[in-house]
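# Remarks on the overall topology
Here is how the chains run, residue by residue.
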Amino acid sequence: MAALLYFGLKFLAYTGWCYFGLYKFRPGLQRRIGRSLAYGFLRLFLGLFFGVLIFLVSAALISALGSGLSQNVVTYLLVYVPVRWIEWAIMSVLIVPNSFSFLEWAVGTDSKDRLWRLGGIAISCLADIPLIASLGCVIPVGRFLC
């Protein structure tokens, strides 16, 4: 049951952030809600897909750093934030208009795009708080969920 709530919260957070992106970058677009739902589901799937990479990298890093709260925080920031940048960059290609070169995909098309991606990372991290709280304030590094 807790896993369903976690995924449901992530889905709602991602859907809401994608809706905001569509509102901001494609103001004339019709049927934003339907696209937002589809993009929210896609972003949730990307989190599961990249969660395997996060599991492998963060498990290796936490093994090198040792266990403890500060090591978990460092691992979370060094692994999760860059991977989430990639995930939101993929979403940006779908939401932000214009064709993308590799450089624009990697760093963003402009400051509005970069801020939207950073907001997406913040949303992703904030949506982890219920999981962290349910684990007794343990930061879940080395897990498959993103």
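Please refer to the structure higher up on the page.
Residues numbered from 1 in each chain as written. Predicted model: local features only at pLDDT ≥ 70, side-chain atom pairs only at ≥ 80, totals over all residues. Heavy atoms only, no water.

To continue, consider the overall build of the chain. Within the chain one finds six helices and zero strands. Along the chain direction, N to C, the helices and strands of the chain fall in the order α-α-α-α-α-α. Its C-alpha atoms give the chain a radius of gyration of 16 Å, within 12% of the compact-globule value 15 Å for 146 residues. Expressed as lengths along the three principal axes of its C-alpha atoms, the size of the chain is roughly 50 × 35 × 20 Å. Taking all 146 residues of the chain together, the buried fraction comes to 39%. Across the chain, the fraction of contacts at a sequence separation of at least 24, relative to all contacts at a separation of at least 6, is 69%. Each charge class in the chain was averaged separately, 12 positive and 5 negative side chains, and the resulting centres sit 7 Å apart. (Helix = DSSP H or I, 4+ residues; strand = E, 2+ residues; numbered from the N terminus. Rg over C-alpha atoms; globule rule 2.2 N^0.38 Å. Buried < 20%, exposed > 50% of the residue type's maximum accessible area, 1.4 Å probe, protein only. Contact = heavy atoms within 4.5 Å. Lys, Arg positive; Asp, Glu negative; His and termini not counted. Charge placed at Lys NZ, Arg CZ, Asp CG, Glu CD.)

Looking at where Phe49 falls in the secondary structure, it is placed in helix 2 (residues 32–65). Given a relative accessible area of 55%, Phe49 falls into the exposed group. Along the primary structure Phe49 and Glu87 are separated by 38 residues, whereas in three dimensions their C-alpha atoms are 9.9 Å apart.

Attention shifts here to the packing of aromatic side chains. A ring pair, where both rings are aromatic, is described by two values, the distance of the centres and the angle of the planes. Under the definition given, this model contains nine aromatic pairs. Ring geometry for Trp88 and Trp116: centres 5.4 Å apart, planes at 90°, overall edge-to-face. With Trp88 in helix 3 (residues 69–95) and Trp116 in helix 5 (residues 111–126), this residue pair connects regions lying 28 residues apart in the sequence. The lysine or arginine in question, Arg43, covers the ring of Tyr14, its NZ or CZ lying 4.3 Å from the ring centre. (Phe/Tyr/Trp six-rings, centres within 6.5 Å; stacked < 30°, edge-to-face > 60°. Lys NZ or Arg CZ within 6 Å of the ring centre and 35° of its normal.)

Let's shift gears to the nonpolar core. Core analysis: the largest hydrophobic core is formed by 23 residues, its most contacted members being Cys18, Tyr39, Trp88, Met91, Ile95 and Trp116. Elements represented by at least two residues in this core include exactly helix 1 (2–25), helix 2, helix 3 and helix 5. Among residues more than four places away in sequence, those in contact with Trp88 are Tyr14, Trp17, Cys18, Arg43, Trp116, Arg117, Gly120, Ile121 and Ser124. (Core = buried A, V, L, I, M, F, W, Y, C linked by side-chain atoms within 4.5 Å.)

Taken together, Tyr19, Phe20, Tyr23, Ile33 and Leu37 make up a surface patch of nonpolar side chains, about 500 Å² in accessible area. Listed by contribution, the elements that provide at least two residues to the nonpolar patch are helix 1 and helix 2. Looking at the secondary structure, you find Tyr23 in helix 1. (Patch = residues over 30% accessible without salt bridge, like charges linked within 9 Å, V, L, I, M, F, W, Y side chains within 5 Å. Areas by Shrake-Rupley, 256 points an atom, 1.4 Å probe, with all protein chains shown as cover. Salt bridge = Lys/Arg side-chain N within 4 Å of Asp/Glu carboxyl O.)

Looking now at helix 1. End to end, helix 1 covers 34 Å across 24 residues, agreeing with the expected 34 Å (1.5 Å per residue, within 8%). Residues of helix 1 that are buried: Tyr6, Lys10, Tyr14, Thr15, Trp17, Cys18, Gly21, Leu22 and Phe25. Residues of helix 1 that are buried make contact with helix 2, helix 3, helix 5 and helix 6 (129–134). (Expected span 1.5 Å × (residues − 1).)

Mapping Asp113 onto the fold places it in helix 5. Residue classification places Asp113 among the buried positions, given a relative accessible area of 0%. Contact partners of Asp113, with chain neighbours within four places excluded, come to Phe25, Ser92, Val96, Phe100 and Gly108.

Attention now moves to the pattern of salt bridges. In total, this model carries four salt bridges according to the counting rule given. Between Asp113 and Arg117 there is a salt bridge; the shortest N-O distance is 3.1 Å. Of this pair, Asp113 and Arg117 both sit in helix 5, four residues apart, which is roughly one turn of that helix.

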